[in-house]
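Structure assessment
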Amino acid sequence: MTLSWREPYLRSLLLILAVLSVLPLNVARAQEVGSRQFSAMQWRLIGPFRAGRVTAVAGVPGHPDTYYFGTPGGGVWKTTNSGQVWRPIFDSQRVASIGALAVAPSNSNVVYIGTGEQTAGHGLYKSADGDETWENVGLQDVPYIQAVIVDPQNPDIIVVGGNSVGVGILWLPLAKSARTANRGIFKTTDGGKTWNKVLSSDDSLGVVDLCSDPSDPRTLYAVLYRPASGAGDSEVPATSQIVKSVDAGSTWNPLVTKGLPEKGWGRLGITVAPETAGRRLYAILAQGFFRSDDGGATWQQSTQDPRVLGSAYFSRVFVDPRNPDVLYVAQTSLYRSTDGGRTFEAYVGAPSGDDFHVLWIDPQNSARMILGVDQGAIISVDGGKSWSSWYNQPTGQFYHVSTDNAFNYRVYAAQQDSGTAGVLSRSDYGEILAQDWFSIGGFEYAFIVPDPLNPNWVYSGGWYGSVVRFDKATGQIATMFETGEKYRTAQMPPLAFSPQDPSTLYLGTQFVLKTSDHGLSWQAISPDLTGYKEKENEEEPKRDSDKPRPPAITTLSPSEVQAGVMWAGTSDRIVQLTRDAGATWQNVSPRGLVEPTEILAVEASHHDAATAYLAVGATRESTPPYVARTHDYGRTWQKIVNGFPEREMVRVVREDPKRKGLLYAGTDSGVFVSWDDGDHWQSLQLNLPATPLTDLQVHANDLVISTFGRALWILDDVTPLREISPQIAASDAHLFRPATAMRV
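Reference entry: report on the structure contained in this document. Small disclaimer: the values here were computed from a predicted structure and weren't measured. All chains use their own residue numbering, which begins from 1 and follows the written sequence. In keeping with the model being predicted, local features are shown solely for residues with a pLDDT of at least 70 and side-chain atom pairs are shown and tallied solely at 80 or more, while totals for entire chains, interfaces and linings include all residues. Side-chain numbers here rest on the full set of heavy atoms in the structure, without hydrogens or water.

Moving on: the side chain of Ser127. A run of H or I in DSSP counts as a helix once it spans at least four residues, and a run of E counts as a strand once it spans at least two, with each numbered from the N terminus. When you line up the elements, Ser127 lands in strand S8 (residues 124–127). Classification of Ser127 as buried rests on a relative accessible area of 0%. Under this definition, polar contacts are N or O atom pairs within 3.5 Å; protein pairs additionally need one hydrogen-donor-capable and one acceptor-capable atom, and for neighbouring residues in sequence, both atoms have to be side-chain atoms. Within polar-contact distance, the side chain of Ser127 engages the backbone nitrogen of Asp131 at 2.8 Å. Setting aside residues no more than four positions away along its own chain, Ser127 makes contact with Asn109, Val110, Val111, Glu132, Thr133 and Trp134. Only protein chains enter the accessibility calculation, which uses a 1.4 Å probe; a residue whose area is less than 20% of its type maximum is buried, one above 50% is exposed, and one in between is partly exposed. Only heavy atoms enter the contact rule, under which two residues are in contact if any of them lie within 4.5 Å.

The structure is reproduced here in structure tokens:
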């Protein structure tokens, strides 16, 4: 984008206008700075426009170009041109995590959204005017709404299925709240004014599937999920239970069946075929694909295809609303059968795994469908012969963010399910286009660090704890480190360059390792910092198993102020400090940290070697905010959470490198700022939509962030945040000093 020399001065004039009419404030004492003072500042989306996971989809019969999709961390989106352009329609509600959505069959202006999937939601929302406005219609205490069925004749009659963990994280170690949160099946007959809990099941995690009989909407089926329990000889595998209602969801009873495996179904998906008078049902479970032709009384395994299996991540089956023999099973590809489940073909998707989840088929025209995939939402209007793009949805789920020293600088982050991305902060074409971003070959979740001496070299985490180096000049990717039998790592082993010696790169395993020859050799500069003692005859958990892996280092932060000072945090809540380049280490952990939390981020101060900041939280659930600081090398810590929402986890905290005590933090829903070293926090959301914020980096005068559902953003020129003072806040008007500009 061409940068005009006038821009900083225009921005300053806008800021002057924004300051007018604001009451005097004392920033030093941290009374909240009015957001109007910074209203001219705006977050700028830089993409990439590569979509992320989709959790819910719907179309509108009779409106062939209109579709919706929901995401686990990016809200709800709508297209009115069959997927050529998507726009967010739910940002005003400040709820990012979506588990279900439904359009009322009798009135397409009525749309329901069930919230909560990767993070807890806030109940059910309703629009009665075609998604122009929204109203919360209850169930705020149901953390994860996974299914919504609207009566085909009356849009005020709704049946909702909720669970206590979110479908996307069923296979992970369970949060404590999974056993206590409100879950089950709920029904309203007045559009959400009142609700009845029509099914409770305290021995399950709640509903993972819900469907109705297309020939008799009063008949519904639901699936309750029970996780695995016990271990060894006493282990009970995960399973499901099918329940049935014949009175439009008012009462439910277990479905008595024969022919299904006796136990260990895992997560089960179910649907009813049309034009069979409710006799034919299809089910997908851990042991394979099954079919019933007598309303679920007896079942037969209709195929031995080894690809068509259920799992904790998939287990959904969908049937053509106009042909009972055509059905689809969501897996690493979408598999289709045209003979009632006897044979299957890969219908769309890469066999290695695009990971398909949800499908909507138009009941009036089976050629129209929308798919929800790990990589986004795609639409077909010709029965699957062609599909729309998912490269027009900025809903990627990104982890740690970093920048290089090029001009214009590049922003790097790893995207869940899609790998890494390097994006130009600005483009020469007036907007950031597809040619302005690229993959650097790392894993889908990883730390990424560009080489300070050679911006064409980029190091990132690779598959299962390895480290790879991408050379932008040649396009080659080289493996620079593998764990072998000696090392163990966290899910994302941290990488960090030395601020004093840019040829030295650090890596966190259970040890701190360093290389000074570009990764050709590595040396340990610490003992095992986790304190982990392997038990005799203990087997290390298999990769992808449900058991937590042994502890490892999760975050590293070398001091910019004093050479030899480095902080390290671990997955078992230990903070370690060295002040002599690794010769000795000291455990300086705050007291009182407990499971399931870990050290998510440690930030060495840019101004004082004795100062550091911590963000503590969990990776598989949201925990209360915990941010702490030390000014004495970790001898004492102070908790600094005043201003954060009580139930919102803080994922990261960073200090501004130019103004001491100016801090930025990322939470489950956005960005916060503090001018008094963390004593008080307030929102810096501005125009940023609600979304989990995973990392921040200050690059020169810009604040760069990664989100877990809305891609990458930049807050250009934070000079006003650095310059604000009690005198400026109390003045009627102030001309902020613009940052140095460049004409390009």
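Before going further, it helps to examine empty space enclosed by the protein. Unoccupied space between atoms shows up once a probe the size of one water molecule is rolled over them. Put simply, the grid is 1 Å and covers the protein atoms alone, a cavity is a trapped set of points that fit a 1.4 Å probe, a pocket is an open set with protein on both sides within 12 Å along at least five of seven lines, and lining residues have an atom within 4 Å of a point. Grid points are joined across faces, edges and corners, and a volume is the space filled by probe spheres set on the points. Applying the stated criterion to the full structure yields 4 cavities of 30 Å³ or more. There is about 70 Å³ of room inside the largest cavity. Asp, Glu, Lys and Arg are counted as charged, while Ala, Val, Leu, Ile, Met, Phe, Trp, Tyr, Cys and Pro are counted as nonpolar; the rest, among them Gly, fall into the polar class. A breakdown of the residues in the lining of the largest cavity according to their chemical character gives 6 nonpolar, 4 polar and 1 charged.

Let us now look at the nonpolar core. To define a nonpolar core, start from buried Ala, Val, Leu, Ile, Met, Phe, Trp, Tyr and Cys residues and group those joined through side-chain atoms within 4.5 Å. Counting 37 residues, the largest nonpolar core has Trp43, Tyr664, Trp681, Leu684, Leu703 and Leu721 as its most contacted members. Elements with a minimum of two residues in this core: strand S46 (612–617), strand S49 (650–655), strand S50 (663–667), strand S51 (671–674), strand S53 (693–699), strand S54 (702–707), strand S55 (712–715) and helix H3 (726–730). Those residues in contact with Leu721, other than ones at most four positions away along the chain, are Phe38, Met41, Arg659, Leu662, Tyr664, Trp675, Leu684 and Leu715. Residues Val165, Ala178, Leu205 and Ile270 belong to the second largest nonpolar core, which totals 24 residues.

Attention now moves to the sheet that holds S8. The antiparallel open sheet is built from 4 strands, whose spatial order is S6-S7-S8-S9. The strands lining the two open edges of the sheet, one partner per strand, are strand S6 (98–103) and strand S9 (135–136). Where S8 and S9 come together, 2 bridges link them in antiparallel fashion. If you follow Tyr125 over to S9, its bridge partner there is Asn136. In this scheme, strands are said to pair when DSSP sees at least two bridges between them.

What counts as a salt bridge is simple: a side-chain nitrogen of Lys or Arg found within 4 Å of a carboxyl oxygen of Asp or Glu. For the structure on display, the rule yields 23 salt bridges. Linking Glu603 and Arg654 is a salt bridge whose minimum nitrogen-to-oxygen distance equals 3.1 Å. With Glu603 in strand S45 (residues 598–604) and Arg654 in strand S49, the pair connects residues that are 51 residues apart, well separated along the chain. Take Glu603: its relative accessible area is 8%, and that puts it in the buried class.

As a general point, the strands of a sheet are linked pairwise by backbone hydrogen bonds and lie either parallel or antiparallel. With antiparallel pairing, 4 strands are arranged side by side in an open sheet as S37-S38-S39-S40. The open sheet has two edge strands with one neighbour each: strand S37 (495–497) and strand S40 (523–524). In this sheet, strand S38 (residues 505–508) lies alongside S37 in antiparallel orientation, the contact comprising 3 bridges. Of the residues in S38, the one forming a bridge with Ala496 is Tyr506.

No statement about biological role is implied by the geometric values presented.
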